[in-house]
Amino acid sequence: MHQFKVYTRWRPLSPSESTTPEIQRTHNPQDSGRVSISLTPSARSATERPWKSEAAFTQLFEATDKNKSVFEAAVAPTLPHVLSGRSCNFFAYGHSGSGKSHTIIGYDFENPDEFGLCLAAARFLSDTLAGLNRAIDNPAEELAIGIRMFELRKNIAFDLLNGRCQCYVREGHDGKTHIRGETELLEEGKVRVRPIVTKACWSFEDLRQELLAGLKLRATGTSTIHDQSSRTHAVLELEIVTRALLEARDAVVQRQSELVPVGKRATDIYIEENTKGYIQDADGKYIPNPDYQIDQARIDAAEAKKAEFESYVQRAEDKVSHVLNSSGHVCLGGKLVFVDLAGSEYYHDKTISTMPRPKQTLQEQQEGRQINTDLLALKEVIRARASKQARIPFRSSPLTMVLRDHFLGTNTTDSYSAMILTVSPSSEQFAATMNTLKYGSLVGVAGGAKKRVTR
């Protein structure tokens, strides 16, 4: 069964909000074990109304709770799933400035108690894998954490561990979503398209340094709240890997590059022979050319060569599966995915429009609308999966396309996802906070449905 839990985290008032009244809020535990939330606007508000959620939330964190508390409650219980080879996903959702990046990434990279969720999880996994590696003699089988980090803007991904290289989100013939980097032209007509880079880290310190280097390349922009908001969705993947697994995956890319010129030649020969083999008559219709006989043997030979190289690709892909399935450690391939969603925007809330806010460019306004489109698509995917709909709308946005494999997990019958709502207690942010909780309430109610996951 796919589990989807929703947590709420209240941030502290910022120094600029120190004189601002707080939203009056009540947390109401229910018999189901979940919690509902009631909000009451400040007395001076003439436009806002009280609101109460459904019993959708697994747990609430107050402004005094540190990142360590959130990690121990929300992430730590899932780590045994990762160590059994499964996939677990964590999303941070909320308005710009509500604390999403602080929760997922963190800002103090020296104090373990203040690590963001991804770094705290990496530290635990590094310690665990170091213990397992003491019993491994073959260097190719030593376990490491492979880190991938990219940000998504519309249908373009930027690889933050590869110089912010521009990549593209594409659906392959296998029905899976692929993020492809720039095309490299090699010798003899070979064409290589690299996937998002995976950096293998054999120590926690190596991983910490890779994360810091990637974060320096993340884009920011002006939101409706502040001028240094994350305007892209950041995706950080931690996967348990070995050198043998990474080498097998590299071999797939190499075999695919060798197939390209062979496949192109087969296509060119087919077109060439058929171009010579047919001519247009006086009425413009194509008829067999009486002066040329199509060389079917030439076409067949080219197709046979193409099939041969396709078999090499298939063999390389089978090797990846073999490495995963034959490992003596079930944790190989286990994955944690952390998604720092771009801040949601609410342009039409009158309560926000009266507040002073940074001026946005036309491009930033368009980006804000795209962000909202992505977040709506994410909610609909969660709802469709929980209600066992025949069609899950993963193609509704590039974000949900990218997350499809993570949602389905390594084991579609037993995967885990959680969303952490970050909200502001400031009465000036009442509408934004309420909208965040409304979104989370819908996700929590849908994700809590005990129904079998289907594609």
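Residues numbered from 1 in each chain as written. Predicted model: local features only at pLDDT ≥ 70, side-chain atom pairs only at ≥ 80, totals over all residues. Heavy atoms only, no water.

### Overview of the overall build of the protein chain
Next, step 1: Scanning the protein chain from terminus to terminus reveals 11 helices and 19 strands.
Next, step 2: For the protein chain, buried positions account for 49% of its 455 residues.
Next, step 3: Contacts in the protein chain between residues at least 24 apart in sequence constitute 70% of all its contacts with a sequence separation of at least 6.
Next, step 4: Of the accessible surface of the protein chain, which amounts to about 21600 Å², a share of 50% is contributed by carbon and sulfur atoms. (Helix = DSSP H or I, 4+ residues; strand = E, 2+ residues; numbered from the N terminus. Buried < 20%, exposed > 50% of the residue type's maximum accessible area, 1.4 Å probe, protein only. Contact = heavy atoms within 4.5 Å. Areas by Shrake-Rupley, 256 points an atom, 1.4 Å probe, with all protein chains shown as cover.)

### Thoughts on the pattern of salt bridges
Next, step 1: Taken as a whole, this structure holds 23 salt bridges when the rule is applied.
Next, step 2: We note a salt bridge from Asp-113 to Lys-68, for which the minimum N-O separation is 3.5 Å. Here the residue Asp-113 occupies a position in the loop between helix H3 (100-104) and helix H4 (117-133), and Lys-68 occupies one in helix H1 (residues 67-75), the gap between them amounting to 45 residues.
Next, step 3: Between Lys-276 and Glu-272 there is a salt bridge whose closest N-O contact spans 3.3 Å. Of this pair, Lys-276 and Glu-272 both sit in helix H6 (residues 243-277), separated by 4 residues, roughly a single helical turn.
Next, step 4: We classify Glu-272 as partly exposed; its relative accessible area is 32%.
Next, step 5: Beyond isolated ion pairs, a larger network of salt bridges with shared partners links Arg-148, Glu-237, Glu-239 and Arg-249. (Salt bridge = Lys/Arg side-chain N within 4 Å of Asp/Glu carboxyl O.)

### Digging into the pairing of strand E15 (residues 233-242)
Next, step 1: Summarising burial for E15: 10 of the 10 residues are buried, a large majority.
Next, step 2: Residue alternation in E15 divides its side chains into two sets, His-233, Val-235, Glu-237, Glu-239 and Val-241 and Ala-234, Leu-236, Leu-238, Ile-240 and Thr-242, and both sets are buried.
Next, step 3: In this sheet, E15 lies alongside strand E7 (residues 143-153) in antiparallel orientation, the contact comprising 10 bridges. Paired with Met-149 across the strands is Leu-236, a residue of E15.
Next, step 4: Relative to strand E18 (residues 335-340), E15 runs antiparallel, the two sharing 6 bridges. For Glu-239, the partnering residue across the bridge sits in E18 and is Lys-335. (Pairing = 2+ DSSP bridges.)

### Things to note about unusual backbone geometry
Next, step 1: Here the phi dihedral of Arg-164 falls at roughly 60°; this positive angle occurs in a residue that is not glycine.
Next, step 2: Mapped onto the secondary structure, Arg-164 falls in the loop between strand E8 (156-159) and strand E9 (165-171).
Next, step 3: Overall, Arg-164 belongs to the partly exposed group, its relative accessible area being 26%.

### Some words on the packing of H4 against helix H5 (residues 204-215)
Next, step 1: Orientation of H4 relative to H5, taken along the N-to-C sense of each, is 155°, at an axis distance of 9 Å. Between H4 and H5, the angle is such that the two are roughly antiparallel. By crossing handedness, the relation of H4 to H5 is classed as right-handed. Together, Cys-118, Leu-119, Ala-122, Arg-123 and Ser-126 of H4 and Phe-204, Leu-207, Arg-208 and Leu-211 of H5 make up the contact between the two elements. (Axes fitted to C-alpha atoms, helices over the stretch in contact; angles between N-to-C directions. Parallel < 35°, antiparallel > 145°, perpendicular 65-115°, else oblique. Left-handed = near helix turned anticlockwise from the far one by under 90°.)

### With respect to the confidence of the model for the protein chain
Next, step 1: Taken over all residues, the pLDDT of the protein chain has a mean of 85, while the share at 70 or more is 89%.
Next, step 2: The low-confidence segment residues 221-229, where pLDDT is below 50, has 36 contacts with residues more than four positions distant or belonging to other chains.
Next, step 3: Low pLDDT, under 50, characterises residues 450-455; the predicted model gives this stretch 15 contacts beyond four residues in sequence or across chains. (pLDDT = per-residue confidence, 0-100.)

### Remarks on the environment of Val-445
Next, step 1: Mapped onto the fold, Val-445 is located in helix H11 (residues 430-447).
Next, step 2: Excluding its chain neighbours within four sequence positions, the residues that come into contact with Val-445 are Arg-34, Glu-54 and Ala-56.

### A closer look at the packing of aromatic side chains
Next, step 1: Tallied over the full model, the rule gives 7 aromatic pairs.
Next, step 2: With a centroid separation of 6.0 Å and 50° between ring planes, the pair formed by Phe-90 and Tyr-416 is classed as tilted. Of this pair, Phe-90 sits in strand E6 (residues 87-93) while Tyr-416 sits in strand E19 (residues 416-423), placing them 326 residues apart in sequence. Summarising the burial analysis for this pair, Phe-90 and Tyr-416 share the class buried.
Next, step 3: In this structure, Arg-164 is placed above the aromatic ring of Phe-158, and the distance from its NZ or CZ to the ring centre is 4.1 Å.
Next, step 4: The side chain of Arg-243 reaches across the aromatic face of Trp-202, ending 4.0 Å from its centre. (Phe/Tyr/Trp six-rings, centres within 6.5 Å; stacked < 30°, edge-to-face > 60°. Lys NZ or Arg CZ within 6 Å of the ring centre and 35° of its normal.)

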